[in-house]
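Inside the fold
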Amino acid sequence: MQSILNQLVYFGYLQSIFLLLIYVFSPKNRKNINEYIAIFVLVLMIGLTGRVLFLSGIFGANHRLIVFSEFATLLFGATIYLFTRSSLLGKRFSSKDLLHYAPAFFYNTIATIIFILPSDEIIKERIDSGEQFRNILLCVGIGLIFNITYWIMSLRLFLKFRAKIQNEISYTVQSRFFLNFLIAIGLCLLCWTTMYFSWIVGSTLFNKSAWQIIWLSIASIILFIAFYGMKEPDLYKITSLVKTKKYLQSKLSNEDLTQLKSNLDRLMEEKKPFLNQKLLKSELAEMIGVSNPEIARLLNERIGMNFFEYINYYRIKEFVELAKSDKAKNMTFFGLAQEAGFNSKTTFNKSFKNLMGTTPKDYFSNNTH
């Protein structure tokens, strides 16, 4: 088992070097790849360097090399947050972002003083007295708290973004990737937490191999998003899909809102803009000659739906009509849903059930004529 884990460490290390070389020497990939992915890979390489040097035996069985790998511990959480923020909100790297890495600098300085600089005799005395184990628990605990905090910040940012995006677009974007990404990181942190508390109570359930598996799991996640990012660069550019103009706040009267609702109803029935699978709220606002905040106010105060729900309501109505037509004889339900403006089967099924209270199959089974 340990031999396999060692080989995976070498593999991850070589892959991280390979990716960094691509980033440095390939302008095309450097332009497409989110810069935080490159930071992820650099952090990964730092985290694996000490382990590779220790396993290779170049400098002997010096456990200080393992401590060197721990320098990456506080770099992961901050990078996870900045990567999520950059992808969802479109914020590029700035000098202020370096503040997120300041705790890692102090952490690594303290780790150097405690674990690397002391002589072998002093370290042996600390091991015998149990002081070294307490120091390790303290540092691991700090790293755990730091990374969990940034993970929670990233998850909150994602959930807030996903809720907000439904008020701007009428279709499903590839935000599911970020949820899966955060879930995977969360599982690694959960294993890390479980292992940490088992060490505190003196349990022998987890050994060094388990700690190595967690590192390799995180490494696998980073390598996956890096390679996949080269293949699908738009995966990390969600913000570019939902750019909207900035407008002054709405000053419409109640009479204006009433007239605006009539205009919108007529537009939806006659022009059917919902058939556009990529319809934006700003585009619909432009069609009826109002601003983004004004149509948002209309949807909120007079219709009681957000933009996503409102557009999909009309798409469901269109789907039902199509399903009753001759066209339905040669098409699947999802094929008809696409004709009605849906771009996602999951969104279609969920929207249909929310509106009709049942699945499309059951609905038409009970409403055949």
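Residues numbered from 1 in each chain as written. Predicted model: local features only at pLDDT ≥ 70, side-chain atom pairs only at ≥ 80, totals over all residues. Heavy atoms only, no water.

The next subject is the overall build of the protein. Looking only at helices and strands, the protein features 17 helices and 0 strands. Looking at the protein as a whole, 48% of its 369 residues are labelled buried. In the protein, once contacts between residues fewer than 6 apart in sequence are set aside, the share between residues at least 24 apart is 73%. Per element, the accessible surface of the protein, about 20100 Å² overall, is 60% carbon and sulfur. (Helix = DSSP H or I, 4+ residues; strand = E, 2+ residues; numbered from the N terminus. Buried < 20%, exposed > 50% of the residue type's maximum accessible area, 1.4 Å probe, protein only. Contact = heavy atoms within 4.5 Å. Areas by Shrake-Rupley, 256 points an atom, 1.4 Å probe, with all protein chains shown as cover.)

Those places that UniProt annotates as "transmembrane region" (unreviewed entry) correspond, in this numbering, to residues 6–25, 37–59, 65–84, 105–123, 135–158, 178–201 and 213–230. End-to-end, the C-alpha atoms of residues 6–25 are 29 Å apart, and along that stretch the chain is 100% helix and 0% strand. Here residues 135–158 runs as 100% helix and 0% strand, with 35 Å between its end C-alpha atoms. (UniProt positions renumbered as here; feature names shortened; annotations may be inferred.)

Turning next to unusual backbone geometry. A positive phi is found at K272, a non-glycine position, where the angle reads about 50°. With respect to the element layout, K272 can be found in the loop between α11 (254–270) and α12 (281–287).

A few words on empty space enclosed by the protein. In this approach a probe as big as a water molecule rolls over the atoms, and the regions it shows empty are the leftover space. What the rule picks out here adds up to 2 cavities of 30 Å³ or more. Taken together, 13 residues make up the lining of the largest cavity; nearest its centre are F76, N147, L189, W192 and I218. Going through the elements one at a time, α5 (73–89), α9 (176–200) and α10 (208–231) are the ones with two or more residues in the lining of the largest cavity. For the lining of the largest cavity, the residue count by class is 10 nonpolar, 2 polar and 1 charged. (1 Å grid on protein atoms, 1.4 Å probe; cavity = no way out; pocket = protein on both sides within 12 Å on 5 of 7 lines; lining within 4 Å. Points joined across faces, edges and corners; volume = space filled by probe spheres on them. Nonpolar A, V, L, I, M, F, W, Y, C, P; charged D, E, K, R; others polar.)

Further remarks concern a nonpolar patch on the surface. There is a patch of nonpolar side chains on the surface, built from L21, V24 and F25 and spanning about 330 Å² of accessible area. The class for F25 is exposed, based on a relative accessible area of 64%. (Patch = residues over 30% accessible without salt bridge, like charges linked within 9 Å, V, L, I, M, F, W, Y side chains within 5 Å. Salt bridge = Lys/Arg side-chain N within 4 Å of Asp/Glu carboxyl O.)

What follows deals with the nonpolar core. One broad trend across soluble globular proteins is that nonpolar side chains are buried collectively. With 67 residues, the main nonpolar core has F40, F76, F83, F181, I185 and I222 as its most contacted residues. Among the secondary structure elements, those contributing two or more residues to this core are α1 (2–25), α3 (35–56), α5, α6 (102–116), α8 (131–165), α9 and α10. When residues in this core are grouped by element, the largest group, 12 residues, is from α9. For F181, the residues in contact, after removing those within four places along its chain, are F40, I80, F83, T84, I221 and I225. With 19 residues, the next largest nonpolar core counts L260, L298, F307 and Y310 among its residues. (Core = buried A, V, L, I, M, F, W, Y, C linked by side-chain atoms within 4.5 Å.)

Glancing now at the packing of α5 against α9. Contact geometry of α5 with α9 gives a least axis separation of 12 Å together with a crossing angle of 165°. As far as their axial angle goes, α9 and α5 are roughly antiparallel. The chirality of how α5 crosses α9 is left-handed. Listed contacts from α9 to T73, I80, F83, T84, S87 and L88 of α5 are F178, F181, L182, I185 and W192. (Axes fitted to C-alpha atoms, helices over the stretch in contact; angles between N-to-C directions. Parallel < 35°, antiparallel > 145°, perpendicular 65-115°, else oblique. Left-handed = near helix turned anticlockwise from the far one by under 90°.)

In the structure shown here, the tally under the stated rule is 19 aromatic pairs. For the ring pair F105 and F106, a centre distance of 5.5 Å and an interplane angle of 75° mean the geometry is edge-to-face. Of the two residues, F105 and F106, both sit in the exposed class. Their ring planes at 75° and their centres at 5.6 Å tell us that Y196 and F197 sit as a pair that is edge-to-face. Here the aromatic cluster, defined as three or more aromatic residues joined through ring pairs, consists of F319, F333, F342, F348, F352, Y363 and F364. Just above the ring of F342 sits the side chain of R315; from NZ or CZ to the centre is 6.0 Å. (Phe/Tyr/Trp six-rings, centres within 6.5 Å; stacked < 30°, edge-to-face > 60°. Lys NZ or Arg CZ within 6 Å of the ring centre and 35° of its normal.)

Relative to the helices and strands, G77 resides in helix α5. Sequence-wise, G77 and I145 are 68 residues apart; in three dimensions their C-alpha atoms are separated by 9.7 Å. Discounting residues that sit within four places of it in the chain, G77 has contacts with N147 and Y150.

Right, let's talk about the packing of helix α14 (residues 307–323) against helix α16 (residues 345–356) for a bit. Close contact between α14 and α16 brings their axes to 10 Å; oriented N to C, the two are set at 85°. It follows that α14 is roughly perpendicular to α16 by the angle criterion. Listed contacts from α16 to F308, N312, Y313, I316, F319 and V320 of α14 are T347, F348, S351, F352, L355 and M356. Among the residues making up the contact of α14 with α16, the classes are represented as 9 nonpolar, 3 polar and no charged.

You can see L82 is positioned in helix α5. The spacing of L82 and S154 is 72 residues in sequence and 8.2 Å in space, taken between C-alpha atoms. Setting aside its immediate chain neighbours within four residues, L82 contacts Y36, D97, H100 and Y101.

Here we take up the side chain of N108. Mapped onto the elements, N108 comes out in helix α6. Leave out the neighbours within four places in its chain, and N108 touches E70 and F71.

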